[in-house]
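Descriptive analysis of the structure
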Amino acid sequence: MNLSVQLGSLQMQNPVTVASGTFGYGVEYAQLLDLNRLGAVTVKGIRLNPVRGNPTPRTVEVTSGMLNAIGLQGPGVDGFIEKYWPFLRSLNVPTIINIWGTSVEEYAEVARRFDAVEGVGALELNVSCPNIKEGGAQFGTDVNLLRQVVSACRQATRLPLITKLSPNVPNIASFARAAAEAGSDALSVTNSVPAMAIDSETRRPRLANVTGGLTGPCIKPIALKLVWEAARAVRIPIVGMGGIQTATDAIEFLVAGATAVAVGTANFYEPQTAFQVLAGLQEYMERHRMTDVRELTGSLRAGP
Amino acid sequence: MIERTVQILANERVADQYFRLVLRAPEIAPLVQPGQFAHVRILRLKEALLRRPFSIFQVEGDTFSILYKQVGKGTEVLAQMAPGETLSAIAPLGKGFAVPPPGGETPLLVAGGYGMAAMYLLAKRSPQKGIVFVGGRRQVDILCADDFRELGWEVRIATEDGSLGSKGLVTQPLRAELERTTAGRRLYACGPTPMLRAVGLLAEEFRVPAELSMDEHMCCGVGVCLACVIRVKSGDGWEYQRTCTEGPVFDARQIVWEGQP
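Residues numbered from 1 in each chain as written. Chains lettered and ligands numbered in written order. Predicted model: local features only at pLDDT ≥ 70, side-chain atom pairs only at ≥ 80, totals over all residues. Heavy atoms only, no water.

1. A closer look at the overall build of chain B
Check the secondary structure of chain B and you find five helices and 16 strands. Taking 2.2 N^0.38 as the reference for a compact globule, 261 residues should give roughly 18 Å; the C-alpha atoms of chain B span a radius of gyration of 18 Å, in line with that estimate. Seen through its C-alpha atoms, chain B measures out along the principal axes to roughly 50 × 45 × 35 Å. In chain B, which comprises 261 residues, the proportion classed as buried is 59%. Within the structure as shown, chain B displays about 10500 Å² of accessible surface, and the carbon and sulfur contribution to it stands at 47%. Placing the 30 positive and 29 negative side-chain charges of chain B at their respective mean positions leaves the two points 1 Å apart. (Helix = DSSP H or I, 4+ residues; strand = E, 2+ residues; numbered from the N terminus. Rg over C-alpha atoms; globule rule 2.2 N^0.38 Å. Buried < 20%, exposed > 50% of the residue type's maximum accessible area, 1.4 Å probe, protein only. Areas by Shrake-Rupley, 256 points an atom, 1.4 Å probe, with all protein chains shown as cover. Lys, Arg positive; Asp, Glu negative; His and termini not counted. Charge placed at Lys NZ, Arg CZ, Asp CG, Glu CD.)

Written out as structure tokens, the structure is:
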């Protein structure tokens, strides 16, 4: 049975990775999980300099999901390379580094810095974080800015580029095409959905940032449609994500057009989820007499 | 830190809205240090997905227990669970209290309500017996005084309505004791944030070292999500540190109170 997939030149032994921001820098889960069984480790977003992040409360649980407004707290490129890279480098599976900036130039500079680091698997361009004042979402919701970011990063590195598209656009197909035309090797679809929660008793927002990003099983139907639309618009592979907590969820994303999948919020409540997804996927393929996971990609049949 | 399916051995109402949950967890129990917590997934909860963090109360053989208050969706469902049912636990987690060495400091424990449970193991493992100061709103909020007395500890109680012990806040009898003597003493506290802040201020005023178990809204419990951060002094300024990983117990002098509730 073949489970391996490719995102540009990035080889994954299986199609299951984790979503940026839900897995730290990998090392935090090393006591609980054998990270070498993942398709890839995807780490939390890194910009050039360290970032303090937003005030608390930063997360709130909602029905079948949660909101977060962490604000991309992180150690910056140098801090990441010093503190986390030696461990990630020691793994047998590739690392996908999620990067962001507050300007096109910063995105390109971060990409250039990682281009010089031996052993990086791929860069995921975070153009869709809803929780920071500058940068993040604006690059993912303006198709011209998106094109500029991707092409600046393309010129800065030969590493595979995965552009993480925002769900908050009227027509994801045009954003998918813009990213592909600008040189992106793959797409991640999707990021958290802008949302908010209010405490009716106090009439205050539940997040210090007032608004945040909705994730978890409640966004799965939204994410599935976005993957399906993006997959019909481009030929580059898609990493599907949004509320995956079982193998069935993951298979739906593959059928909608994803080549790989990422487990996100489920890591917070069940760190074993990625492995459960992988086991369930293999069981499904046996049951459906499939020998290659790529048979599932985009295999949606017509009609209900 | 390990993740295991743990079986409920007992889940009984102690008083009012308070329950004592005993879990069979032979691999987790021997690892527990005072002040650490368990991150518990209540599988029966379907629309509320996240784990709930609980301080570990007692450890006996291959079991550990938790003292919890029924306050929301999670604990409501938990309170209905029966012996024989299972939960998923990731434990033990976090950096707990530093047990004083033999002949070292005498611990003064300061607890708000069921925060007292988080300090039981510290009292049990401390070579020096000390005093527990516990405060609550009413008599019913004072939960495990007898458990500490059985360890040979003195318990001083304060309730806001005066229904048990002295009337007022727990910091009043604590202040009286610190005014008597501070030599060779160390404060440990667990409770609501305003109480922790008051204990931190007393520690500063009387120049006594203090370890505070901070309570911040938690999500993953293992250090990846960065939800449970508090401001901690760093160089000339401050940085956010994780309550679940660098804490929950912090040196009182390191905490930046601005921005805390």
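Alright, that's what it looks like, and here's the rest.
2. A short note on the layout of surface pockets
Within this model, the second largest pocket holds a volume of roughly 480 Å³. Contributions of two or more residues to the lining of the second largest pocket are made by helix H1 (76-83) of chain A together with strand E15 (237-242) of chain B. Sort the elements by how many residues they give to the lining of the second largest pocket and E15(B) lands first, with five residues. (1 Å grid on protein atoms, 1.4 Å probe; cavity = no way out; pocket = protein on both sides within 12 Å on 5 of 7 lines; lining within 4 Å. Points joined across faces, edges and corners; volume = space filled by probe spheres on them.)

3. Overview of the packing of aromatic side chains
Residue and element names in this part refer to chain A. Counted by the stated rule, this structure contains 14 aromatic pairs over all chains. Aromatic side chains Tyr25 and Phe80 sit 6.0 Å apart centroid to centroid with 55° between the ring planes, which places their arrangement in the tilted category. Of this pair, Tyr25 sits in the loop between strand E3 (16-18) and strand E4 (41-46) while Phe80 sits in helix H1; the two residues are 55 residues apart in sequence, bridging distant segments of the chain. Residue Tyr25 is classed as buried on the basis of its relative accessible area of 5%. Ring-pair connections join several aromatic residues into one group, and the members of that group are Tyr25, Phe80, Tyr84, Trp85 and Phe114. (Phe/Tyr/Trp six-rings, centres within 6.5 Å; stacked < 30°, edge-to-face > 60°.)

4. Quick look at the domain arrangement of chain B
Residues and elements named next belong to chain B. Domain boundaries assigned for chain B yield domain 1 (2-93) and domain 2 (106-215). The C-alpha centroid of domain 2 is placed 24 Å from the C-alpha centroid of domain 1. The interface of domain 1 with domain 2 comprises 17 residues on the first partner and 14 residues on the second. When the two sides are added together, the surface that domain 1 and domain 2 hide from each other amounts to roughly 1400 Å², 63% of it contributed by carbon and sulfur. Counting across the domain 1 and domain 2 interface gives one salt bridge. In this structure, Arg138 engages Asp16 in a salt bridge whose closest nitrogen and oxygen atoms are separated by 3.1 Å. Where domain 1 meets domain 2, there are four residue pairs in polar contact (both at pLDDT 80 or more). Listing elements by their share of the side of domain 1 that touches domain 2, those giving two or more residues are strand E1 (2-15), strand E5 (59-60) and strand E6 (63-69). Taken together, the residues that form the side of domain 1 that touches domain 2 break down as 10 nonpolar, four polar and three charged. (Domains from an automatic or database assignment. Contact = heavy atoms within 4.5 Å. Buried area = accessible area lost by both parts, 1.4 Å probe. Salt bridge = Lys/Arg side-chain N within 4 Å of Asp/Glu carboxyl O. Polar contact = N/O pair within 3.5 Å; in protein donor to acceptor, adjacent residues only side chain to side chain. Nonpolar A, V, L, I, M, F, W, Y, C, P; charged D, E, K, R; others polar.)

5. With respect to the environment of Leu296(A)
Residue and element names in this part refer to chain A. The topology assignment puts Leu296 in the segment after helix H10 (273-287). Sequence separation between Leu296 and Gly121 is 175 residues, and the spatial gap between their C-alpha atoms is 24 Å. Among residues more than four places away in sequence, those in contact with Leu296 are Ile251, Leu254, Val255, Leu281, Tyr284, Met285 and Met290.

6. Here's the deal with the sheet that holds strand E11 (residues 193-196) of chain A
Residue and element names in this part refer to chain A. Overall, antiparallel pairing links the four strands, which are arranged E5-E6-E14-E11 in an open sheet. Here the strands that pair on one side only, and so sit at the sheet edges, are strand E5 (59-62) and E11. Within this sheet the neighbouring strands show an average axis-to-axis angle of 40°, counted without direction. Pairing analysis gives four bridges linking E11 to strand E14 (residues 211-215), with the strands arranged antiparallel. What sits directly across from Val193, in E14, is Leu214. (Pairing = 2+ DSSP bridges. Axes fitted to C-alpha atoms, helices over the stretch in contact; angles between N-to-C directions.)

7. Some remarks on the pattern of salt bridges
Scanning all chains against the criterion turns up 32 salt bridges over all chains. A salt bridge links Arg47(A) to Glu106(A); its shortest N-O distance comes to 2.6 Å. A residue pair is termed long-range when its members are at least 10 positions apart, and Arg47(A) in the loop between E4 and E5 and Glu106(A) in helix H3 (residues 104-115) qualify at 59 residues. Residue class for Glu106(A) comes out buried when judged on its relative accessible area of 6%. Between Arg156(B) and Glu177(B) there is a salt bridge whose closest N-O contact spans 2.7 Å.

8. Some details on the interface of chain B and chain A
Counting from both sides, the interface comprises 26 residues of chain B and, opposite them, 32 residues of chain A. Taking both partners together, chain B and chain A bury about 2600 Å²; carbon and sulfur atoms supply 56% of that area. Counting the surface chain B buries against chain A, the share from its top three residues, Leu49(B), Val224(B) and Tyr240(B), is 24%. At the boundary of chain B and chain A, one finds three salt bridges. Between Arg51(B) and Glu270(A) there is a salt bridge, with the nearest N and O atoms lying 3.4 Å from each other. Our count for the chain B to chain A interface comes out at 12 residue pairs in polar contact (both at pLDDT 80 or more). Elements that contribute at least two residues to the side of chain B that touches chain A include exactly E1, strand E7 (86-93) and E15 of chain B. Looking at which element gives the most residues to the side of chain B that touches chain A, the answer is E15(B), with three residues.

9. Remarks on the packing of helix H4 (residues 171-180) of chain B against helix H5 (residues 193-206) of chain B
All names here are of chain B. Close contact between H4 and H5 brings their axes to 11 Å; oriented N to C, the two are set at 15°. Classified by the angle between their axes, H4 and H5 sit roughly parallel to one another. Where H4 crosses over H5, the two elements pack in a sense that is right-handed. Touching Thr171, Leu174, Arg175, Leu178 and Glu179 of H4 are Ala198, Val199, Leu202, Glu205 and Phe206, all from H5. (Parallel < 35°, antiparallel > 145°, perpendicular 65-115°, else oblique. Left-handed = near helix turned anticlockwise from the far one by under 90°.)

10. Side note on the side chain of Arg186(B)
Residue and element names in this part refer to chain B. The topology assignment puts Arg186 in strand E12 (residues 185-190). Side-chain polar atoms of Arg186 contact the side chain of Glu211, separated by 3.0 Å. Apart from the residues lying within four places of it in its own chain, the contact partners of Arg186 are Glu105, Thr106, Pro107, Leu108, Val208, Pro209 and Glu211.

11. Thoughts on a nonpolar patch on the surface
Together, Met196(A), Ile198(A) and Val210(A) make up an exposed nonpolar region whose accessible area comes to about 270 Å². Inspection of the secondary structure assignment puts Ile198(A) in strand E12 (residues 198-199). (Patch = residues over 30% accessible without salt bridge, like charges linked within 9 Å, V, L, I, M, F, W, Y side chains within 5 Å.)

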